[in-house]
Amino acid sequence: MKNSIKISRLLLLLIFLTSCKSPTNKQESLKDSIEQKNQQENISKSKMEVKFSCGEDGISDFLNDGWIIIKEYTEEKICTWKSFPATKDCDMEKDKGCRITTPDKIGEEKIYLLEK
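About the cut-offs
- Residues numbered from 1 in each chain as written.
- Predicted model: local features only at pLDDT ≥ 70, side-chain atom pairs only at ≥ 80, totals over all residues.
- Heavy atoms only, no water.
- Helix = DSSP H or I, 4+ residues; strand = E, 2+ residues; numbered from the N terminus.
- Buried < 20%, exposed > 50% of the residue type's maximum accessible area, 1.4 Å probe, protein only.
- Contact = heavy atoms within 4.5 Å.
- Areas by Shrake-Rupley, 256 points an atom, 1.4 Å probe, with all protein chains shown as cover.
- Phe/Tyr/Trp six-rings, centres within 6.5 Å; stacked < 30°, edge-to-face > 60°.
- Core = buried A, V, L, I, M, F, W, Y, C linked by side-chain atoms within 4.5 Å.
- Salt bridge = Lys/Arg side-chain N within 4 Å of Asp/Glu carboxyl O.
- Pairing = 2+ DSSP bridges.
- Axes fitted to C-alpha atoms, helices over the stretch in contact; angles between N-to-C directions.
- Disulfide = S-S within 2.5 Å.

Student: Outline the overall build of the protein, listing residues and values.
Tutor: Counting its regular elements, the protein contains 3 helices and 3 strands. Scanning the protein from its N terminus toward the C terminus, one meets helices and strands in the order α-α-β-α-β-β. Expressed as a percentage of its 116 residues, the buried residues of the protein come to 11%. Considering only contacts in the protein between residues 6 or more positions apart, those separated by 24 or more positions represent 69%. As presented, the protein carries roughly 10,200 Å² of accessible surface, and 53% of it is formed by carbon and sulfur atoms.

Next up, the structure:
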């Protein structure tokens, strides 16, 4: 009986010892830790989209603060609108249904994608 208890304890001890593995390749674990750090740095980077339209330009303020332009593109945008009466006897103040509104000045809207 005592021998069977000793044998069972020995088997349990062997099972526990063989189930734990030590890292065999330290370079793989170093590569994994470096990749994790790079991913964390990418997550911590801030991104922002800034729009300036119709001749406005304030991007230099952002560049002075340390932001970097990743992407820049422009789109056409209407800057001002012009209204005129549809007929000669139309009163635009009283009858808003006879007012015709059209674009007056068309400019560009610059859109910047920034990263810090």
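Student: Please provide a residue-by-residue account of the packing of aromatic side chains, values included.
Tutor: Summed over all chains, the structure comprises 1 aromatic pair. Here Phe 52 and Tyr 112 contribute two aromatic rings whose centre-to-centre distance is 6.1 Å and whose plane-to-plane angle is 65 degrees, an arrangement assigned as edge-to-face. With Phe 52 in strand E1 (residues 47-53) and Tyr 112 in strand E3 (residues 99-115), this residue pair connects regions lying 60 residues apart in the sequence. Taking relative accessible area as the criterion, Phe 52 reaches 11% and is therefore assigned buried.

Student: Describe the nonpolar core, with residues and values.
Tutor: With 6 residues, the main nonpolar core is built from Val 50, Phe 52, Ile 59, Trp 67, Tyr 112 and Leu 114. Looking at this core, the elements that each hand over two or more residues are E1 and E3. Leave out the neighbours within four places in its chain, and Tyr 112 touches Met 48, Glu 49, Val 50, Phe 52, Asp 57, Ile 59, Ile 69, Lys 71 and Glu 72.

Student: Hey, could you go over the pattern of salt bridges for me, with residue numbers and the actual values?
Tutor: In this structure the tally under the stated criterion is 1 salt bridge. A salt bridge links Lys 77 to Glu 109; its shortest N-O distance comes to 3.9 Å. Of this pair, Lys 77 sits in strand E2 (residues 68-85) while Glu 109 is found in strand E3, placing the two residues 32 residues apart along the sequence.

Student: Tell me about the sheet that holds E3, residues and numbers included.
Tutor: Spatially, the 3 strands line up as an open sheet ordered E1-E3-E2, and their pairing is antiparallel. The open sheet is flanked by E1 and E2, the only strands paired with a single partner. Geometrically, the sheet is characterised by an average inter-axis angle of 20 degrees between neighbouring strands, direction not taken into account. As judged from the 7 bridges shared by E1 and E3, these two strands associate in the antiparallel manner.

Student: Any chance you could break down the state of the cysteines for me, citing the residues and the numbers?
Tutor: Considering all chains together, one arrives at 2 disulfides under this definition. Bridging Cys 54 to Cys 79, the disulfide has an S-S length of 1.8 Å. When the S-S torsion is -105 degrees, as for the bridge of Cys 54 with Cys 79, the disulfide is left-handed. In this pair, Cys 54 sits in the loop between E1 and helix H3 (59-64) while Cys 79 sits in strand E2, placing the two residues 25 residues apart along the sequence. Sulfur-sulfur distance for the disulfide between Cys 90 and Cys 98 comes to 1.5 Å. Looking along the S-S bond of the Cys 90-Cys 98 disulfide, the torsion reads about 65 degrees, which is the right-handed sense. When sorted by exposure, Cys 90 lands in the same class as Cys 98, which is buried. When the cysteines of the protein that form disulfides are numbered from the N-terminus onward, they connect as 1-2, 3-4.

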